[in-house]
Amino acid sequence: MQDTITNETSTHSAVDGAVLTGRPVISSTGLFTPEESITNEELVESFNQYVNRYNTANAETIEAGEVEALTYSSVGFIEKASGIKARHVMSKAPILDPDIMSPRWDERSNDERSMMCEIGVTAALQALERAGRKPEDVDAVLCAASNMERPYPAMAIEIQQALGIEGFGFDMNVACSSATFGIQTAADYVRAGNAKSVLVVSPEITSGHLNWRDRDSHFIFGDVATAVLVEDEAIAPEAHWEILSTKLKTVFSNNIRNNFGFLNRAAPDSASNADKLFIQEGRKVFKEVVPMVAQMIIDEAKRLQMDPTTLRRLWLHQANAGMNRLIAQRVLGHEANDDESPTVLDTYGNTSSAGSIIAFHSHSDDLSAGDTGLICSFGAGYSAGTVFVRKTS
């Protein structure tokens, strides 16, 4: 069982020779990217083949007005709606097959590592290596992702076992905000003295919950895995990111929903309906989430006595280029350039909770000591999480 490390405001505890501070930092990050990628051109060709087949097969009922004809997709439509140009996936060929349009792979036995565990471990090992850390130095593993491969045993515990980490692990699901919620949870463990080093791992195989036959969403998601190592400042490598604050917010909404679950077997006639995959009211989400998130960022900056317009960089949730543009504009007071608000959306697509972490992982090394930035995610729930950080040497 994991020993509790007592840590109060006036009392510091020594672990492995270090006097803990109770101040959480981000020591490093890790990233796993699948080898295969689907371009918009490939996706549109596949989707339109499916539309042709469907409309031909249902020509009579469509002509009679009993069934609505499907509408073609296009590269222009996708890029205007989202800013996405490509996405990485774990299983490309079946997704592009008009007869399948879903990922396919062999089911693994209970004695084999699960797919989420496998890619999560890859990202986690990179994060550990970049921090000069060994698995035995870590106290806990949080698997924070939007769709778990199974209810139990927890993915986090499997990742923990695969890495050889003592301590504890558990899963978290706050949809697209899972990683930032995980970072706050890890930071709270450090603040309380209950852990000195916590891995937040986000394996996102979002291709499994996407309806590749839905024109309005077939282009959105991609697969990836990220890891964030949150530690006490006393044991962190010299180059790290101070966590200045973390803030979470949830507001219930049905505008992004997925009704898949084990209780679907109680109503077998509807178990395969479209609502058992990702569904959303995109325009409503855009209208409601943008002001909520922008104000949340501004309010937290004010609480920190920080001028939000001085933030050096915003690593925003990678779901929609238009949403990010408006949020950044409201926070910074002007339209952000690629340096101020970098995007990975164009090549990765929406990777749910991993998106803002990919942006941070890929676009943070060039900042200088003392620069402040913001990691922010938002999505289904609604949920939103902010992590204000400052770079050290």
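Residues numbered from 1 in each chain as written. Predicted model: local features only at pLDDT ≥ 70, side-chain atom pairs only at ≥ 80, totals over all residues. Heavy atoms only, no water.

### A closer look at the overall build of the protein
Thought 1: Across its full length, the protein carries eleven helices and 15 strands.
Thought 2: A compact globule built from 393 residues would reach a C-alpha radius of gyration of about 21 Å, and the protein, at 22 Å, matches this within 12%.
Thought 3: Expressed along its principal axes, the backbone C-alpha trace of the protein runs to roughly 80 × 55 × 35 Å.
Thought 4: In the protein, which comprises 393 residues, the proportion classed as buried is 53%.
Thought 5: Here the analysis covers contacts within the protein between residues at least 6 apart in sequence; of these, 77% occur between residues at least 24 apart.
Thought 6: Only carbon and sulfur atoms are counted for the fraction: they give 48% of the accessible area of the protein, which is about 17,900 Å².
Thought 7: Side-chain charges of the protein comprise 33 positive and 53 negative groups, with the mean position of each set lying 6 Å from the other. (Helix = DSSP H or I, 4+ residues; strand = E, 2+ residues; numbered from the N terminus. Rg over C-alpha atoms; globule rule 2.2 N^0.38 Å. Buried < 20%, exposed > 50% of the residue type's maximum accessible area, 1.4 Å probe, protein only. Contact = heavy atoms within 4.5 Å. Areas by Shrake-Rupley, 256 points an atom, 1.4 Å probe, with all protein chains shown as cover. Lys, Arg positive; Asp, Glu negative; His and termini not counted. Charge placed at Lys NZ, Arg CZ, Asp CG, Glu CD.)

### Concerning the pairing of strand 13 (residues 313-316)
Thought 1: In strand 13, alternate side chains face the same way, and those of Arg313 and Trp315 on one face and Leu314 and Leu316 on the other are all buried.
Thought 2: Two elements, strand 13 and strand 14 (residues 372-379), share four bridges in a ladder whose sense is parallel. Bridging across to strand 14, leucine 314 finds its partner in leucine 374. (Pairing = 2+ DSSP bridges.)

### Here we look at unusual backbone geometry
Thought 1: Cis rather than trans, the peptide bond between tyrosine 152 and proline 153 has omega equal to -5 degrees.
Thought 2: Mapped onto the secondary structure, proline 153 falls in the loop between strand 6 (140-144) and helix 6 (155-163).
Thought 3: Note the cis peptide between glycine 381 and tyrosine 382, where omega equals -5 degrees.
Thought 4: Tracing the backbone through its elements, the reader meets tyrosine 382 in the loop between strand 14 and strand 15 (383-391).
Thought 5: In this model, alanine 175 sits at a positive phi of 50 degrees, which is unusual for a non-glycine residue.
Thought 6: Mapped onto the secondary structure, alanine 175 falls in the loop between strand 7 (168-172) and helix 7 (178-192).
Thought 7: Residue alanine 175 is classed as buried on the basis of its relative accessible area of 16%.
Thought 8: Phi at glutamine 305 is positive, roughly 60 degrees, even though this residue is not glycine.

### Quick word on the side chain of glutamate 340
Thought 1: Mapping glutamate 340 onto the fold places it in the loop between helix 9 (321-332) and helix 10 (345-348).
Thought 2: As a buried residue without a salt bridge, glutamate 340 has its nearest oppositely charged side chain in arginine 312, at a separation of 6.5 Å.
Thought 3: Among the polar contacts listed, one links the side chain of glutamate 340 to the side chain of histidine 334, at a separation of 2.9 Å. (Salt bridge = Lys/Arg side-chain N within 4 Å of Asp/Glu carboxyl O. Polar contact = N/O pair within 3.5 Å; in protein donor to acceptor, adjacent residues only side chain to side chain.)

### Some remarks on the environment of serine 377
Thought 1: Within the fold, serine 377 resides in strand 14.
Thought 2: Considered as a pair, serine 377 and leucine 314 are 63 residues apart in the sequence and their alpha carbons are 11 Å apart.
Thought 3: Those residues in contact with serine 377, other than ones at most four positions away along the chain, are Cys176, Ser177, Thr180, His317, Ser356, Ser383, Ala384 and Gly385.
Thought 4: In terms of polar contacts, serine 377 uses its side chain to reach the side chain of threonine 180, at 2.5 Å.

### Describing the environment of valine 89
Thought 1: Looking at the element boundaries, valine 89 is found in strand 5 (residues 86-89).
Thought 2: Measuring from C-alpha to C-alpha, the distance between valine 89 and isoleucine 205 comes to 7.8 Å, with 116 residues separating the pair along the chain.
Thought 3: Apart from the residues lying within four places of it in its own chain, the contact partners of valine 89 are Pro34, Glu36, Ile38, Ile95, Ser207, Trp212 and Asp223.

### Remarks on the pattern of salt bridges
Pairing of side chains with opposite charge becomes possible as their charged atoms draw close.
Thought 1: Enumeration over the complete set of coordinates arrives at 16 salt bridges.
Thought 2: Note that glutamate 231 and arginine 133 form a salt bridge whose closest N and O atoms lie 2.6 Å from each other. One end of the pair, glutamate 231, is in strand 9 (residues 223-232); the other, arginine 133, is in the loop between helix 5 (115-131) and strand 6, and 98 residues separate them in sequence. As far as the burial class goes, glutamate 231 and arginine 133 line up, both buried.
Thought 3: Arginine 215 is the partner of aspartate 216 in a salt bridge, and the nearest nitrogen-oxygen pair spans 3.9 Å.
Thought 4: Taking relative accessible area as the criterion, aspartate 216 reaches 53% and is therefore assigned exposed.
Thought 5: By sharing partners, the salt bridges in this structure join Arg312, Arg313, Asp339 and Asp366 into a single network.

### Some words on the packing of helix 1 (residues 40-57) against helix 3 (residues 75-82)
Thought 1: One can describe the packing of helix 1 onto helix 3 by two numbers: an axis separation of 9 Å at closest approach and a directional angle of 120 degrees. The pairing of helix 1 with helix 3 is recorded here as oblique in orientation. Crossing handedness for the pair helix 1 and helix 3: right-handed. Contacts from Asn40, Glu41 and Val44 of helix 1 reach helix 3 at Val75, Ile78 and Glu79. (Axes fitted to C-alpha atoms, helices over the stretch in contact; angles between N-to-C directions. Parallel < 35°, antiparallel > 145°, perpendicular 65-115°, else oblique. Left-handed = near helix turned anticlockwise from the far one by under 90°.)

### Points about helix 11 (residues 355-362)
Thought 1: Most of helix 11 is tucked away, with seven of its eight residues classed as buried.
Thought 2: When we look at burial in helix 11, the residues that qualify are Gly355, Ser356, Ile357, Ile358, Ala359, Phe360 and His361.

### What about the nonpolar core?
Thought 1: If you look at the biggest cluster of nonpolar residues, it comprises 45 residues, and the most contacted ones within it are Val293, Ile297, Leu311, Leu314, Ile327 and Phe378.
Thought 2: It is helix 8 (residues 282-303) that provides the largest number of residues to this core, a total of eight residues.
Thought 3: Discounting residues that sit within four places of it in the chain, isoleucine 327 has contacts with Val290, Val293, Ala294, Ile297, Leu316 and Phe378. (Core = buried A, V, L, I, M, F, W, Y, C linked by side-chain atoms within 4.5 Å.)

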